[in-house]
Amino acid sequence: MIADSLDGYLILAGILFAIGTFGFLARRNAISMLMSIELMLNAVNLAIVAFGAFVPGLTNDASVIALMVIAVAAAEATVGLAIVIAIFRNRRTPLVDEYHAMNR
Amino acid sequence: MRYLVLTGLLIGALLTLPLLVVALIVAGEPLFGISGWQWRDFLFALFGVILLVAGLAVVTMRDIIRCGLAMIVCFAALAGLYVLLGAPLIAATQVLVYIGAISVLVLFAIMLTQTKAAPTRLVFQSQAPAAAVAAVILAFVIGIVVVGTAWGDVSAVVSTATDTLAGVLFTDYLLPFEVVSVLLLVAVIGSVYLAKRDEESGG
């Protein structure tokens, strides 16, 4: 049934990716935008693992790629949050639409 | 406070659910006698709904701390889906890295950047309606592509054996593995340098 169909997992991953896209485009807080990026990375990871589970030749490779994505996402989150904290120290706000130094 | 307690209870329940999933999959029982519906279908629906509701909560909630807690729930539901897909090592890594490390990092960053001076009156930018339209269109396009593609013979879940995966990881993928470890080291050093206070500017 539905738990044994590739389409179900891929549609779930697609909807989660769209949610992450919306959050990245719409939120004002820089940390919210980073959390939305994490959601998008997780959606892609779900799609990779789903392909690995349903295509027999891809199983091990998909798992390795998913582990790599998790590691790179951890590095991305670390650097991204450090940048947000560094900007916050200068500008005293986490809201991205108030970073308008290039406007003047 | 009440919501935080409820969220904590939900997280605790979700963290124990993967064990339940394993037990039920091994048992392979049909669900309540409904023909064709196994326990794994019910669990797929449960985890999918939790995943999408928590994901929506992450992007729409007003209080950013609650967004972070909803993100933990979202990651836990994803770990359950990985177990359903026969990848227990990925599920364990998801719990360790995402719930254990990245969520804590995000929550610390939220605590460091919250100010009383910056009111949370507006959560969304002015482009939010256009972003919502674009996201819905994106979801529909992905859904159409997924349903319209013939994926070939994909009918059964193939489990990943952890020992085979370890063999592949340390033979075929040894170079990417080492590159990723160097990347993590670079990221740690770089973020420490970025987040460090400058002594000379007194910032």
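About the thresholds
Residues numbered from 1 in each chain as written. Chains lettered and ligands numbered in written order. Predicted model: local features only at pLDDT ≥ 70, side-chain atom pairs only at ≥ 80, totals over all residues. Helix = DSSP H or I, 4+ residues; strand = E, 2+ residues; numbered from the N terminus. Buried ≥ 20, exposed ≤ 12 C-beta atoms within 10 Å, placed from the backbone. Contact = placed C-beta atoms within 7 Å. Rg over C-alpha atoms; globule rule 2.2 N^0.38 Å. Nonpolar A, V, L, I, M, F, W, Y, C, P; charged D, E, K, R; others polar. Core = buried A, V, L, I, M, F, W, Y, C linked by C-beta atoms within 7 Å. Axes fitted to C-alpha atoms, helices over the stretch in contact; angles between N-to-C directions. Parallel < 35°, antiparallel > 145°, perpendicular 65-115°, else oblique. Left-handed = near helix turned anticlockwise from the far one by under 90°.

**Q** Help me understand the overall build of chain B, please; the structure alone is not making it clear to me.
**A** The number of helices and strands found in chain B is 7 helices and 0 strands. Residue burial in chain B is summarised as follows: out of 203 residues, 28% are buried. Excluding contacts between residues fewer than 6 apart, the proportion of contacts in chain B whose partners are at least 24 apart in sequence is 57%.

**Q** Help me understand the overall build of chain A, please; the structure alone is not making it clear to me.
**A** Scanning chain A for helices and strands turns up 3 helices and 0 strands. Ordered by position from N to C terminus, the α and β elements of chain A give α-α-α. Its C-alpha radius of gyration of 17 Å places chain A more than 25% over the 13 Å reference for a compact globule of 104 residues. Looking at chain A residue by residue over its 104 residues, the buried ones come to 60%. A separation of at least 24 residues holds for 51% of the contacts in chain A among residues at least 6 apart in sequence.

**Q** Would you explain the interface of chain B and chain A in this entry?
**A** You'll often see interface size given as the accessible area lost when the parts meet. Every contact between the two is made by 81 residues of chain B and, on the other side, 67 residues of chain A. Among the secondary structure elements, those contributing two or more residues to the side of chain B that touches chain A are α2 (39-60), α3 (64-84), α4 (88-113), α5 (128-148), α6 (162-171) and α7 (174-195) of chain B. Counted by class, the side of chain B that touches chain A contains 61 nonpolar, 18 polar and 2 charged residues.

**Q** Which parts of the structure should I look at to understand the environment of Tyr82 of chain B?
**A** For Tyr82 of chain B, the location among the structural elements is in helix α3. The exposure class of Tyr82 of chain B is buried, given the 28 C-beta atoms found within 10 Å. A C-alpha to C-alpha distance of 27 Å links Tyr82 of chain B and Ala187 of chain B, two positions 105 residues apart in sequence. For Tyr82 of chain B, the residues in contact, after removing those within four places along its chain, are Val49 of chain A together with Ala87, Ile90, Ala91 and Gln94 of chain B.

**Q** In this structure, what is going on with the nonpolar core? I would like to understand it.
**A** Nonpolar side chains tend to gather and get buried jointly when the protein is soluble and globular. Leu46, Val49 and Ala50 of chain A together with Cys74 and Ala77 of chain B are the most contacted members of the largest nonpolar core, which has 83 residues in total. Secondary structure elements with two or more residues in this core: α1 (6-26), α2 (30-54) and α3 (59-91) of chain A together with α2, α3 and α4 of chain B. Tallying contributions element by element places α3 of chain B first for this core, with 17 residues. With residues up to four places along the chain from it excluded, the contact list for Ala77 of chain B reads Leu14, Phe47, Ile50, Leu51 and Ala54 of chain B.

**Q** Any chance you could explain the packing of α1 of chain A against α2 of chain A here in plain terms?
**A** A pair of packed helices is characterised by two quantities: the angle between their axes and the separation of those axes. Residues and elements named next belong to chain A. The interhelical angle for the contact between α1 and α2, taken along N-to-C directions, is 165°, at an axis separation of 8 Å. With respect to their mutual orientation, α1 and α2 come out roughly antiparallel. Relative to α2, α1 is oriented so that their crossing is left-handed. In terms of residue class, the contact of α1 with α2 is built from 19 nonpolar, 6 polar and no charged.

**Q** Sorry if this is basic, but what is going on with the packing of α2 of chain B against α3 of chain B here?
**A** Residue and element names in this part refer to chain B. Direction vectors running N to C along α2 and α3 enclose 155°, while the axes themselves pass 8 Å from each other. Here α3 runs roughly antiparallel to α2, going by the angle between their axes. With respect to the hand of their crossing, α2 and α3 are arranged in left-handed fashion. Taking contact as the criterion, the partners of Arg40, Leu43, Phe44, Phe47, Ile50, Leu51, Ala54, Gly55, Ala57 and Val58 in α2 are, on α3, Cys67, Ala70, Met71, Val73, Cys74, Ala77, Leu78, Gly80, Leu81 and Leu84. Looking at the contact of α2 with α3 residue by residue, the classes come out as 17 nonpolar, 2 polar and 1 charged.

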